[in-house]
Amino acid sequence: TSAELSSFLIDGDGVLIGHPDPKALYSSLAPLPPARLAEIRADQRFRRDQIRSLDMPDLAAAMVGANAQGHISYRSTLSGAEEIAGFAPVRGSGDSSRWVVGVSESREVFEASLNALFRRLLWSVGLVGLLFFGLALLLARRIVRPIQALTRAVDALKTGDYAKATVNVESRDEVGQLTRTFNVLIDV
């Protein structure tokens, strides 16, 4: 849901210039070099003397200067949880101040719909498996029943009970042909 989804915007230095949490605003994703901090302080871009680091170097490495859209899994120091972020560069933001927009969500929320889909898939595979098992059982019984009848007829033939030695032909397949041949043998 939208409550668990967090969108943010970073500038070319990896400083958050748009974020729903005011405490994270104007913080950098990773520590900035002292020379770059001095430049930012001198031009008063954010009207702050200090740019606090959020210590998320993996996220910074993926997003800062990104030329194409992408995604990354990282540990957020803001939420303290594993998160997944999708990002894309903002067109027309200029090369020196390339902005990148990102959307992040906790891994747990992200995977919840995938886990539900996986469970439904398991149920459907299980039901289809049961259906095919039932069909295989029916087909096996169609093969086994005439063979059992033939076995009973052979046993009756061994005991000399010729009346019980005949078998009803139920099919036109190989087992049915064997049954007809057996009945002819009994008649002869």
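Residues numbered from 1 in each chain as written. Predicted model: local features only at pLDDT ≥ 70, side-chain atom pairs only at ≥ 80, totals over all residues. Heavy atoms only, no water.

Colleague: I'm lost on the nonpolar core in this one. Help?
Modeller: Across soluble globular proteins, you tend to see nonpolar side chains buried next to one another. By size, the foremost hydrophobic cluster in this structure holds 17 residues, and its most contacted members are I10, L16, L29, L59 and M63. Put simply, the parts of the chain that give this core at least two residues each are β1 (6-10), α2 (57-63), β3 (70-75) and β4 (82-89). Among the elements that take part in this core, α2 stands out by supplying three residues, more than any other. Setting aside residues up to four positions removed in sequence, I10 forms contacts with V15, L16, I17, L29, M63, V64, R98, W99 and V100. (Core = buried A, V, L, I, M, F, W, Y, C linked by side-chain atoms within 4.5 Å. Buried < 20%, exposed > 50% of the residue type's maximum accessible area, 1.4 Å probe, protein only. Helix = DSSP H or I, 4+ residues; strand = E, 2+ residues; numbered from the N terminus. Contact = heavy atoms within 4.5 Å.)

Colleague: Mind showing me how you'd approach the side chain of S104 here?
Modeller: Along the chain, S104 falls in strand β5 (residues 100-106). A distance of 3.1 Å separates polar atoms of two side chains, one belonging to S104 and the other to E83. Residues contacting S104, with those up to four places away along its chain left out, are E4, L5, S6, F8, Y74, E83, I84 and A85. (Polar contact = N/O pair within 3.5 Å; in protein donor to acceptor, adjacent residues only side chain to side chain.)

Colleague: When you look at a nonpolar patch on the surface in this model, what are you seeing that I'm missing?
Modeller: Where nonpolar side chains cluster on the molecular surface, the patch consists of V128, L131, F132, L135 and L138 and spans about 500 Å² of accessible area. Here L138 is to be found in helix α3 (residues 107-159). The class of L138 is exposed, set by a relative accessible area of 54%. (Patch = residues over 30% accessible without salt bridge, like charges linked within 9 Å, V, L, I, M, F, W, Y side chains within 5 Å. Areas by Shrake-Rupley, 256 points an atom, 1.4 Å probe, with all protein chains shown as cover. Salt bridge = Lys/Arg side-chain N within 4 Å of Asp/Glu carboxyl O.)

Colleague: Looking at this structure, how should I read the confidence of the model for the chain?
Modeller: Note that predicted coordinates carrying low pLDDT should not be read in detail. On average, residues of the chain score 86 in pLDDT, and 96% of them reach the 70 mark or higher. Confidence scores differ between elements of the chain, with helix α4 (residues 174-187) showing the lowest mean pLDDT of 82 and β3 the highest of 93. (pLDDT = per-residue confidence, 0-100.)

Colleague: How should I be thinking about α3 in this particular structure?
Modeller: Each turn of an α-helix holds 3.6 residues, which means side chains three or four residues apart point in the same direction. For α3, with 53 residues, the first-to-last C-alpha span of 74 Å sits near the 78 Å given by 1.5 Å per residue. At S113, α3 shows its maximal bend, which comes to roughly 25°. Within α3, the full set of buried residues consists of P146, A149, L150, A153 and A156. In this structure, the buried side of α3 is in contact with α4. With its phi angle positive at about 90°, G160 sits one or two positions after the end of α3. (Expected span 1.5 Å × (residues − 1). Bend = angle between axes of the 7 residues up to and from the residue.)

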